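# Summary of the model geometry
Letter by letter, the chains look like this.
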Amino acid sequence: MPTVSKRLIDSDLLRRHDVNGPRYTSYPTADRFVEAYQSLQHVQALAQRGTAQPLSLYLHIPFCEQLCYYCACNKIITKHHERAAPYLSALETEMDLVVESLGGHAPVSQLHFGGGSPTFLSDAELDQLMASLKRHFKLLPGAELSIEVDPRTVDVARLAHLRELGFNRLSFGVQDFNPAVQKAVHRIQGHEQVAALMQAARSLGFSSISVDLIYGLPLQTPQSFAHTIAQVAELRPDRIAMYAYAHLPQRFKPQRRIAAELLPPAGDKLAMLSNAISGLLDAGYVYIGMDHFALPEDSLAVAKRQGRLHRNFQGYSTQPDADLIGLGVSAISRVGATHAQNAKTLEAYEDALRQRQLPVERGLALSRDDLLRRAVIMALMCQGRLEFESIASSYLVDVPRYFAAEFERLHQLAEQGLVEMEPGAIQVTPLGWYFVRAVAMVFDRYLQADASRDRFSKII
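Keep in mind that this is a model prediction, so the values were computed, not measured. (Residues numbered from 1 in each chain as written. Predicted model: local features only at pLDDT ≥ 70, side-chain atom pairs only at ≥ 80, totals over all residues. Heavy atoms only, no water.)

### Digging into the environment of Val-442
The test is simple: Labels follow the DSSP assignment, with helices taken as runs of H or I lasting at least four residues and strands as runs of E lasting at least two, numbered in each case from the N terminus. Using a 1.4 Å probe on the protein chains alone, a residue whose accessible area is under 20% of its type maximum counts as buried, one over 50% counts as exposed, and one in between counts as partly exposed. The contact criterion used is simple: two residues touch if any of their non-hydrogen atoms lie within 4.5 Å.
In this fold, Val-442 is placed in the loop between α16 (436-441) and α17 (445-448). Residue Val-442 is classed as buried on the basis of its relative accessible area of 6%. As for Val-442 and Asn-178, which are separated by 264 residues in sequence, their C-alpha atoms are 37 Å apart. If sequence neighbours within four positions are ignored, Val-442 has contacts with Glu-406, Arg-409, Leu-410, Leu-413 and Gln-448.

### Describing the nonpolar core
Rules: To qualify as a nonpolar core, a set must consist of buried Ala, Val, Leu, Ile, Met, Phe, Trp, Tyr and Cys residues joined through side-chain atoms within 4.5 Å.
Formed by 130 residues in total, the largest nonpolar core has its most connected members in Leu-91, Phe-113, Leu-133, Tyr-316 and Phe-443. Broken down by element, the residue count for this core peaks at 10 residues, all from helix α3 (residues 84-102). When near neighbours in sequence (up to four residues on either side) are disregarded, Tyr-316 contacts Ile-288, Gly-289, Met-290, His-292, Leu-300, Leu-309, His-310, Arg-311, Met-381, Cys-382, Trp-433 and Val-436. In this structure, Leu-67, Cys-68, Tyr-69 and Ile-214 belong to the second largest nonpolar core, which totals 12 residues.

### A look at the pattern of salt bridges
What counts, and what does not: Salt bridges are defined as contacts in which a side-chain nitrogen from Lys or Arg sits within 4 Å of a carboxyl oxygen from Asp or Glu.
Applying the stated rule across the entire model yields 16 salt bridges. The partner of Asp-351 in a salt bridge is Arg-354, with the nearest N and O atoms 4.0 Å apart. Here the residue Asp-351 and the residue Arg-354 both occupy positions in helix α11 (residues 346-354), the gap between them amounting to three residues, near one helical turn. Taking relative accessible area as the criterion, Asp-351 reaches 36% and is therefore assigned partly exposed. Between Arg-385 and Glu-387 there is a salt bridge; the shortest N-O distance is 2.6 Å. On the accessibility criterion, Arg-385 (25% relative accessible area) is partly exposed.

### Focus on the side chain of Ser-146
Convention followed: Nitrogen and oxygen atoms within 3.5 Å of one another constitute a polar contact, given that in protein one can donate a hydrogen and the other can accept it, and given that sequence-neighbouring residues count only through two side-chain atoms.
With respect to the helices and strands, Ser-146 occurs in strand β5 (residues 138-149). At 2.6 Å, the side chain of Ser-146 and the side chain of His-112 are in polar contact.

### Section: the state of the cysteines
As a reminder of what qualifies: When two cysteine sulfur atoms lie within 2.5 Å, the pair is treated as a disulfide.
Inspection of every chain in the model, using the stated rule, returns zero disulfides. Here Cys-68 is not disulfide-linked; the sulfur of Cys-71 is the nearest cysteine sulfur, at 6.4 Å. Accessibility expressed as a relative area gives 7% for Cys-68, which makes it buried.

### Observations regarding the packing of aromatic side chains
For any two aromatic rings, the description comes down to two numbers: the centre-to-centre distance and the angle of the planes. In plain terms, the rule: Pairing of aromatic rings covers Phe, Tyr and Trp, the last through its six-membered ring, and needs centres within 6.5 Å; plane angles under 30 degrees mean stacked, over 60 mean edge-to-face, and all others mean tilted. Only lysine NZ and arginine CZ atoms are considered, and such an atom sits over a ring when it is within 6 Å of the ring centre and within 35 degrees of the ring normal.
Enumeration over the complete set of coordinates arrives at 11 aromatic pairs. Measuring from ring centre to ring centre gives 6.0 Å for Tyr-27 and Tyr-446, while their planes differ by 55°; the resulting arrangement is tilted. Taken together, the residues span a long stretch of sequence, with Tyr-27 in the loop between α1 (11-16) and α2 (39-49) and Tyr-446 in helix α17 at a distance of 419 residues. When sorted by exposure, Tyr-27 lands in the same class as Tyr-446, which is buried. A centroid spacing of 6.3 Å and a plane angle of 50° characterise the contact between Tyr-215 and Phe-225, whose relative ring orientation is tilted. A residue pair is termed long-range when its members are at least 10 positions apart, and Tyr-215 in strand β7 (residues 208-215) and Phe-225 in helix α8 (residues 222-235) qualify at 10 residues. As far as burial versus exposure is concerned, Tyr-215 and Phe-225 are alike and both buried. Among the aromatic residues, those joined into a ring-pair cluster are Phe-63, Tyr-87, Phe-120 and Tyr-349. When the ring centre of Trp-433 is taken as origin, the NZ or CZ atom of Lys-304, which lies over that ring, is 4.2 Å away.

### A few points about helix α15 (residues 404-415)
Note the threshold: A helix is expected to span 1.5 Å multiplied by its residue count minus one. The arc refers to the directions leading from the helix axis to the C-beta atoms.
A rise of 1.5 Å per residue sets the reference length of α15, with its 12 residues, at 16 Å; its end C-alpha atoms lie 17 Å apart and thus fit the reference within 8%. What α15 keeps buried is the set Glu-406, Phe-407, Leu-410 and Leu-413. In a view along the axis of α15, the buried residues occupy a sector of 100°, so they form one face of it. Turned more than 90 degrees from where α15 packs its buried face, Glu-408 and Glu-415 sit exposed. Where α15 is buried, its residues touch α12 (368-383), α13 (388-395), α14 (399-402), β18 (419-422), β19 (425-428) and α16.

### Details of the sheet that holds β19
Keep this limit in mind: Strands are labelled as partners when DSSP assigns at least two bridges between them. Where helices are involved, their axes are fitted lines through C-alpha atoms of the stretch in contact, as for all axes, and angles between N-to-C directions lie from 0 to 180°.
Read across the sheet, three strands follow the order β17-β19-β18 without closing on themselves; strand pairing throughout is antiparallel. Edge strands, defined here as strands with exactly one partner in the open sheet, are β17 (385-387) and β18. Averaged over all pairs of adjacent strands, the angle between strand axes in this sheet comes to 15°, irrespective of strand direction. Pairing of β18 with β19 involves four bridges; the strand directions are antiparallel. For Glu-420, the partnering residue across the bridge sits in β19 and is Gln-427. Contacts from α12 reach β17 and β19 within the one sheet, and its direction differs from that of β17 by about 135°. Across the sheet, α15 touches β18 and β19, and the angle it forms with β18 is around 125°.

Next comes the structure, spelled out in structure tokens:
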């Protein structure tokens, strides 16, 4: 798909779509999960799945030494590293139960450590965890093994150890390089420190390095964030994820430490986005979708060109549409036509495992309509194109008739140049890729019936 000229992304269009909406790492979204879905249903889903096909694994390590005020993740702030030992024991038990439910040791094509800060764990604890994973699952040759890295918690020796363990992808949490902004969000890490770690990671042979950024943080200005974008582009990470800060102090207690008057006004936030898009396109990055950019030779950019993008709870992926098993507190699994989320508190998570029960707190068995809409939304989010014939043959529906109300709303997006309505397909335009969440939201039955969207982040 050709790229859109940055001159086409005008401020009026950005303002028009400055609304809240889901990120669609799943459909239905996690806020639709119900507590009636418990451990027994998840065991049944795992048993029906079996071990024939490769799967993806996600491990949630919730611990962090310091609190970042913007954070909305499930985390535990502590300097007591001894707290990791019982958690690793609980993870071992959860793996036992998952393997028992699957009926054997399943192959794994993708593994991701997230958090929290996975690098809170010591080298010995990481050794222990990887050994446990290899006892329970078959890590396939060429599997994608990635880990989120807090630059404040690693040095070159630690990166070398991660490489020895088999990790081939790193994601550095940067957020912003401006010292005043870093102080305001309680995350101090210098540009030189990150640059040195990235250089070391390349020399160690990591195949992909990602950087996470956030715009809309306190004390940020369009000028200061443009400088951060220039600094990041100069470092040439393979991938960049750039998220809009969602200030929801009523939901996320750490954000109450951020004074609302220090947040940039909406106009400045939109200018940061527009300038960042321009800066990254000028620097040679390809816009993947939503908040993601990649260098043209990166596998994510190649997958987009070839129509092979997928999405899971970690975002865009090059992996086939594999089932995902989440391990750890609050982790989410997607197995067949089901979703399951683990307990969100460490106490409830570990208590369930002491009773040798999978720690599922809520989930969902998808209806036929859910599966149909999931297929539509993922086609639009990943391929930017919905072919009516493929949906009709898979779900035995007349697409224009089934989605008549949705097609009426799509015409408004077509008038804005975001989609093209073809006789047998819907095509997201190059401009529409920047607003693809707005396109997907049209088909979200739950969202259209729900007047409140305050729990979601801005879609741009």
